[in-house]
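Chain and residue survey
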Amino acid sequence: MNTSFPSASDVNADSLNCVYGGGYANDNADDAPNYGLACVNANDNDFGNANANIGSRNCCKQTRTCAGKTLPLGRRQPLHTCPAGSTTAKAGQHATKTTMKRYGELYGNVISPANLDLAEKRARRGKGSRPCVVRFLADRDQNLQRLHRSLADGTFHTSPYHIFEITDPKRRTIYSLPYYPDRIVQHAIMNVCEPLFVRSFTADTYASIPGRGIHLCAKRLKHALRIDPEGTRYCLKLDISKYYPSIDHAVLKAEIRRKIKDRRLLALIDGIIDSADGLPIGNLLSQMLANVYLSRFDHYVKETLKAPYYYRYVDDIVLLSDSKDKLHGWFADIQRYLADRLHLQVKPNWQVFPVEARGIDFLGYVFRHGYTLVRKRIKRNIMKRLAKGISKPSLDSYLGWLKWCNSKHLKNKIIDIYQQNT
């Protein structure tokens, strides 16, 4: 087995193509063939740029017909769902709505030299001056080769955690793993597995998913309030009690096995899951697995309860309706589902209330039908920081946060205070 590692500057799309079973690795080439499971583009761009990510695509072995259109062989197609009544050629047939595709033979992709090289580059972003990273880079290629061998022969085990607590914005226990080898391994798993799981998520969950996030969630919530004031008169707001520590390992592993059947990869992920109770806050992999754990719940709310306005950010959940009674009914169903199937409990501070009277305190903002304000606690924190003196980058960060709400006078006041202090 060739375990040589190219230097960071040598990793490119062509070097990764051979690992991922062929396919063109530049997302800008619409007519490029993609015969492998995953398409990789390792251009050294910003993380938010899609060209820097590893994405997975379906590949068809024959032409297929969908909604009256023939989709050609060997060409990358937009991800879509065939409408009812469409026909497919037998070798390129789409799975039905109730069938979830399970993926095997992924472990070789995860531990490949090219993927480990890419994982290390991603793990290093913004941390290049840290002593642990500097020590690793002094013998980078040899370190990656040792990591590859330990993964290939099954001797890799999750390292002991450094555990500490933070109190801002609230008390949390943080679990920190070494940069090498653990953070690199978790990035390597994410490179291959994240696209497979994201494809099964609903569009209504936003945390720790590329291309989504707080501001997309806020944008869609504001849009719903604006276009349908009658249908969004009331809000059910809830969150899950001690979500990460309460995650049941057996339930989580069963959910992962609905998507992945590669035994060696499952053993690697299981070892990381079992390294701490619940899901440890601080692990990169925990963010994805937290979404996996609630993915079927998201589908239940949308497809069984048929809630038209549903928003989830980690374990904070908002549902909107024109009826208090409907929201109370949904809450009873949600509480039962979470307890019976996921062994989770809703915090006792859940509420059903009129949106216009109270506003929806969510994502750091307070939403109403006609306007959005920043949360009062965040406003107080900004003013405290200003009084002590802040840097220009910190000021720009605050102003960037405020641009997503109706805060013209607050922004002007912050700028005035900053200019007076400098």
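Criteria and thresholds
Residues numbered from 1 in each chain as written. Predicted model: local features only at pLDDT ≥ 70, side-chain atom pairs only at ≥ 80, totals over all residues. Heavy atoms only, no water. Axes fitted to C-alpha atoms, helices over the stretch in contact; angles between N-to-C directions. Helix = DSSP H or I, 4+ residues; strand = E, 2+ residues; numbered from the N terminus. Parallel < 35°, antiparallel > 145°, perpendicular 65-115°, else oblique. Left-handed = near helix turned anticlockwise from the far one by under 90°. Contact = heavy atoms within 4.5 Å. Nonpolar A, V, L, I, M, F, W, Y, C, P; charged D, E, K, R; others polar. Pairing = 2+ DSSP bridges. Core = buried A, V, L, I, M, F, W, Y, C linked by side-chain atoms within 4.5 Å. Buried < 20%, exposed > 50% of the residue type's maximum accessible area, 1.4 Å probe, protein only. Phe/Tyr/Trp six-rings, centres within 6.5 Å; stacked < 30°, edge-to-face > 60°. Lys NZ or Arg CZ within 6 Å of the ring centre and 35° of its normal. Arc of directions from axis to C-beta. Patch = residues over 30% accessible without salt bridge, like charges linked within 9 Å, V, L, I, M, F, W, Y side chains within 5 Å. Areas by Shrake-Rupley, 256 points an atom, 1.4 Å probe, with all protein chains shown as cover. Salt bridge = Lys/Arg side-chain N within 4 Å of Asp/Glu carboxyl O. Lys, Arg positive; Asp, Glu negative; His and termini not counted. Charge placed at Lys NZ, Arg CZ, Asp CG, Glu CD.

1. Section: the packing of helix 11 (residues 284-304) against helix 12 (residues 324-342)
Where helix 11 contacts helix 12, the two axes come as close as 11 Å, and the packing angle between them is 150°. Taken as axis vectors, helix 11 and helix 12 run roughly antiparallel relative to one another. Crossing of helix 11 over helix 12 shows right-handed handedness. Contact residues: helix 11 offers Tyr-293, Leu-294, Arg-296, Phe-297, Tyr-300 and Val-301, while helix 12 offers Asp-333, Ile-334, Tyr-337, Leu-338 and Leu-342.

2. Regarding the packing of helix 9 (residues 249-257) against helix 11
Between helix 9 and helix 11, whose axes approach to 9 Å, the crossing angle comes to 80°. Between helix 9 and helix 11, the angle is such that the two are roughly perpendicular. Across the interface between the two elements, Val-251, Leu-252, Glu-255 and Ile-256 from helix 9 touch Leu-289, Val-292, Tyr-293 and Arg-296 from helix 11. Of the residues in the contact of helix 9 with helix 11, the class split is six nonpolar, no polar and two charged.

3. Remarks on the sheet that holds strand 9 (residues 316-321)
Paired through their backbone hydrogen bonds, the strands of a sheet run either parallel or antiparallel. Across the sheet, which stays open at both edges, the four strands sit in the order 8-9-7-10 with antiparallel pairing between neighbours. Each edge of the sheet is formed by a strand with only one pairing partner; in this case those strands are strand 8 (309-313) and strand 10 (351-354). Direction aside, neighbouring strands of the sheet carry axes that sit 20° apart on average. Looking at chain direction, strand 7 (residues 234-239) and strand 9 are connected through six bridges and run antiparallel. If you follow Lys-237 over to strand 9, its bridge partner there is Val-318. Sheet strands in contact with helix 11 are strand 8 and strand 9, and its direction is about 170° off that of strand 8.

4. Side note on the nonpolar core
Core analysis: the biggest nonpolar cluster contains 69 residues, and Ile-256, Phe-297 and Leu-319 have the highest contact counts within it. Excluding its chain neighbours within four sequence positions, the residues that come into contact with Phe-297 are Tyr-310, Ile-317, Ile-334, Tyr-337, Leu-338 and Leu-342. If you look at the next biggest cluster of nonpolar residues, it comprises 31 residues, including Cys-217, Val-318, Phe-353 and Tyr-418.

5. Describing the packing of aromatic side chains
For the structure shown, the criterion picks out eleven aromatic pairs. Taking the centre distance of 6.4 Å and the plane angle of 75° together, the rings of Phe-297 and Tyr-310 count as edge-to-face. Of this pair, Phe-297 sits in helix 11 while Tyr-310 sits in strand 8; the two residues are 13 residues apart in sequence, bridging distant segments of the chain. Look at Tyr-365 and Trp-401: their rings are 5.0 Å apart centre to centre, the planes differ by 10°, and that puts the pair in the stacked class. One end of the pair, Tyr-365, is in strand 12 (residues 365-367); the other, Trp-401, is in helix 15 (residues 392-402), with 36 residues separating them in the sequence. We classify Tyr-365 as buried; its relative accessible area is 1%. Against the face of Tyr-103 rests Lys-101, its NZ or CZ located 5.2 Å from the ring centre.

6. Regarding the side chain of Asp-270
Here Asp-270 lies in helix 10 (residues 263-273). Sequence-distant contacts of Asp-270, defined by excluding residues within four places in its chain, comprise Lys-253 and Arg-257.

7. Some thoughts on the sheet that holds strand 12
With antiparallel pairing, the three strands of this open sheet are ordered in space as 11-12-13. A strand with exactly one partner marks an edge of an open sheet, and here the two such strands are strand 11 (360-362) and strand 13 (372-374). Within the sheet, the average angular offset between the axes of one strand and its neighbour, ignoring direction, is 25°. Inspection of the sheet shows strand 11 paired to strand 12 by three bridges, in the antiparallel sense. Paired with Ile-360 across the bridge in strand 12 is Phe-367.

8. Examining helix 15
Among all positions in helix 15, only Leu-395, Tyr-398, Leu-399 and Leu-402 are buried. Taken end-on, helix 15 shows its buried residues confined to a sector of 95°, consistent with a single buried face. Of the surrounding elements, those touching the buried residues of helix 15 are strand 13, helix 14 (376-388) and helix 16 (408-421).

9. Quick look at a positive patch on the surface
On the surface, Lys-170, Lys-376, Arg-377, Lys-379, Arg-380, Lys-384, Arg-385, Lys-388 and Lys-413 cluster together into a patch of positive charge. No other element matches the seven residues that helix 14 contributes to the positive patch. Its place among the elements puts Lys-170 in the loop between strand 5 (162-166) and strand 6 (172-176). Judged by its relative accessible area of 43%, Lys-170 falls in the partly exposed class.

10. Overview of the pairing of strand 6
Where strand 5 meets strand 6, five bridges bridge the pair, whose relative direction is antiparallel. What sits directly across from Glu-165, in strand 6, is Thr-173.

11. Focus on the environment of Arg-341
In this fold, Arg-341 is placed in helix 12. Of the residues examined, Arg-341 reaches a relative accessible area of 54% and is grouped as exposed. Residues Arg-341 and Val-251, spaced 90 residues apart in sequence, show a C-alpha to C-alpha distance of 8.2 Å.

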